[in-house]
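Overview (structure and organization)
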Amino acid sequence: MNSSLSDRPRQYLLGISLIIAAALTISIQDLVFKLFSGDLTLWQIFTLRGLFALPMLLVIGWMRGSRSRTLLNAFDTWILLRSVFITTTFLAFYAAIPFLSLSTVGAANYIAPIFVALLSAYVIQEPVGFLGWLAVGVGFLGVILLLQPGTEAFSAWTLLPLIGAGFYALAHITTRVKCQDAPLAALSLAQNLMMFLSGAVISIVLYLAKPEGGTFDDYPYLFDTWTHVETRDWLVIFVLAGFAVVLGMMLAGAYQAAPPAVISTFEYSYLVFVVAWDIIFFDTIPTALSVAGMIFIVTAGLLVLKRH
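Notes on the structure in this doc start here. Here the structure is a predicted model, which means the values were calculated and not measured.

1. Digging into the overall build of the protein
In terms of regular secondary structure, the protein is built from 15 helices and 0 strands. As presented, the protein carries roughly 13400 Å² of accessible surface, and 71% of it is formed by carbon and sulfur atoms.

2. A look at the environment of Glu267
Inspection of the secondary structure puts Glu267 in the loop between α13 (260–266) and α14 (269–282). Relative accessible area serves as the criterion here: at 4%, Glu267 is assigned to the buried category. In this structure the C-alpha to C-alpha distance between Glu267 and Ala23, which are 244 residues apart in sequence, comes to 6.1 Å. Setting aside its immediate chain neighbours within four residues, Glu267 contacts Ile19, Ala23, Tyr110, Tyr168, His172 and Tyr255.

3. Overview of the pattern of salt bridges
Tallied over the entire structure, the rule returns 1 salt bridge. With a closest N to O distance of 3.4 Å, Arg232 and Asp233 form a salt bridge. A residue is classified by how much of its surface remains accessible, and Arg232, at 43% relative accessible area, is partly exposed. Judged by its relative accessible area of 2%, Asp233 is buried.

4. So, the packing of aromatic side chains
For the structure on display, the rule yields 14 aromatic pairs. Geometrically, the ring pair formed by Phe90 and Tyr94 is stacked, given 6.0 Å between the ring centres and 15° between the ring planes. Residue Phe90 and its partner Tyr94 are located together in helix α4 (residues 77–96), separated by 4 residues, close to a single helical turn. Taking the relative accessible area as the measure of exposure, Phe90 reaches 10% and is therefore buried. Take Tyr94: its relative accessible area is 1%, and that puts it in the buried class. With a centroid separation of 6.5 Å and 70° between ring planes, the pair formed by Phe93 and Tyr270 is classed as edge-to-face.

5. A word on helix α5 (residues 102–109)
Two residues of an α-helix separated by three or four positions point the same way, owing to the 3.6 residues in each turn. Counted residue by residue, α5 has 7 buried out of 8 residues, so it is predominantly covered. Looking at α5, one finds that the buried residues are Leu102, Ser103, Val105, Gly106, Ala107, Ala108 and Asn109.

6. A short note on a nonpolar patch on the surface
Among the surface-exposed residues, Leu35, Phe36, Ile279, Ile280, Phe281 and Ile285 lie close enough to one another that they form a single nonpolar patch of about 540 Å² accessible area. Secondary-structure elements contributing two or more residues to the nonpolar patch are α1 (12–36) and α14. No other element matches the 3 residues that α14 contributes to the nonpolar patch. Along the chain, the position of Ile285 falls in the loop between α14 and α15 (288–307). According to the relative accessible area criterion, Ile285 is exposed, its value standing at 56%.

7. A few points about the packing of α1 against α14
One can describe the packing of α1 onto α14 by two numbers: an axis separation of 8 Å at closest approach and a directional angle of 30°. On the basis of the axis angle, α1 is roughly parallel to α14. For the pair α1 and α14, the crossing hand works out as right-handed. Contact residues: Ile20, Ala23, Leu24, Ile26, Ser27, Ile28, Asp30, Leu31, Lys34 and Leu35 in α1; Ser269, Tyr270, Phe273, Val274, Trp277, Phe281 and Phe282 in α14.

8. Some points on the nonpolar core
Note that soluble globular proteins tend to have their nonpolar side chains buried in a common cluster. One finds Phe33, Leu42, Tyr94, Tyr270 and Leu271 to be the most contacted residues of the largest nonpolar core, which totals 70 residues. Broken down by element, the residue count for this core peaks at 9 residues, all from helix α12 (residues 231–257). Ignoring any residue separated from it by four or fewer positions in sequence, one finds Phe33 in contact with Leu42, Ile45, Tyr94, Ile97, Tyr221 and Leu240. Among the nonpolar cores identified, the runner-up in size contains 15 residues, and Leu54, Leu187, Phe196 and Val245 belong to it.

9. Quick word on the packing of α4 against helix α8 (residues 159–178)
The geometry of α4 relative to α8 is characterised by a closest axis approach of 8 Å and an angle of 155° between their N-to-C directions. Judged by the inter-axis angle, α4 sits roughly antiparallel to α8. Considering how the two elements wind past one another, α4 and α8 form a crossing that is left-handed. Two secondary-structure elements touch here, α4 through Trp78, Arg82, Phe85, Ile86, Thr88, Thr89, Ala92, Ala95 and Ala96 and α8 through Leu160, Pro161, Gly164, Phe167, Tyr168, Leu170, Ala171, His172, Thr174, Thr175 and Lys178. For the contact of α4 with α8, a count of residues per class yields 12 nonpolar, 6 polar and 2 charged.

10. Things to note about the side chain of Thr87
With respect to the helices and strands, Thr87 occurs in helix α4. Residue classification places Thr87 among the buried positions, given a relative accessible area of 3%. There is a polar contact of 2.8 Å between the side chain of Thr87 and the backbone oxygen of Ser83. For Thr87, the contacting residues outside a window of four places in its chain are Gln191, Met194, Met195 and Ser198.

Criteria and thresholds
- Residues numbered from 1 in each chain as written.
- Predicted model: local features only at pLDDT ≥ 70, side-chain atom pairs only at ≥ 80, totals over all residues.
- Heavy atoms only, no water.
- Helix = DSSP H or I, 4+ residues; strand = E, 2+ residues; numbered from the N terminus.
- Areas by Shrake-Rupley, 256 points an atom, 1.4 Å probe, with all protein chains shown as cover.
- Buried < 20%, exposed > 50% of the residue type's maximum accessible area, 1.4 Å probe, protein only.
- Contact = heavy atoms within 4.5 Å.
- Salt bridge = Lys/Arg side-chain N within 4 Å of Asp/Glu carboxyl O.
- Phe/Tyr/Trp six-rings, centres within 6.5 Å; stacked < 30°, edge-to-face > 60°.
- Patch = residues over 30% accessible without salt bridge, like charges linked within 9 Å, V, L, I, M, F, W, Y side chains within 5 Å.
- Axes fitted to C-alpha atoms, helices over the stretch in contact; angles between N-to-C directions.
- Parallel < 35°, antiparallel > 145°, perpendicular 65-115°, else oblique.
- Left-handed = near helix turned anticlockwise from the far one by under 90°.
- Core = buried A, V, L, I, M, F, W, Y, C linked by side-chain atoms within 4.5 Å.
- Nonpolar A, V, L, I, M, F, W, Y, C, P; charged D, E, K, R; others polar.
- Polar contact = N/O pair within 3.5 Å; in protein donor to acceptor, adjacent residues only side chain to side chain.

Structure below.
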């Protein structure tokens, strides 16, 4: 599934459209997650969502007449490794989301384009160029203004999405280099299978270990065993499963269509959406520094667009 630099497509409009649509979908998914999933553990959500998402993906593969190919490709070594990277990203992201605003978690996660640009330049030899590096620097400054490290506004919980950002970059570089020709349904199937397994395995470990006291009691969302699932919760999980299926294909398709350094910059559009949700649903008004950070991030996107 490897491909040379010259063979990799550069369908910029398709890739950018897909990633902006994915960013909007992710922002809605995160809003649903933050609003309605407070009574369930993180691992319970991942496990139950997988129970819905996996059959959906198999049906999609069957409708396309490629069920066997989808299943076989989903177990390719590179596709599974990519799925591990994506799963780690989402686990880190969603572990932090109840404790931070959506915009703060998103901003922390958007250190990823820095990693993507570095990996693009030094691992897969795709040129970034002066404007590309300038865009990375401007975007990084914007993220710093949003997170405000070293001040009271900074939270240790932001370290989780920062860790996730590193794995996010690895996932998309792997998509670009090793999974270029992989069917989107196979990529999404493997990703959701890995998320389901991570939720199930950790749920079993917590059930057997039954950790108690101190930090374990303070954060039941991360360390508690499964709780009763209400009718509303089942509906939310079903919606999240649908989002997971669509997002798996949109993200993979975007990074197959155009260079990672371009696509990753347009993922910044997510921040615009989540700031709006923070204001509308949580009455969280961005500070002047946050607004400045947003301006820098948008500027970074325009620099990359001009470069191409």
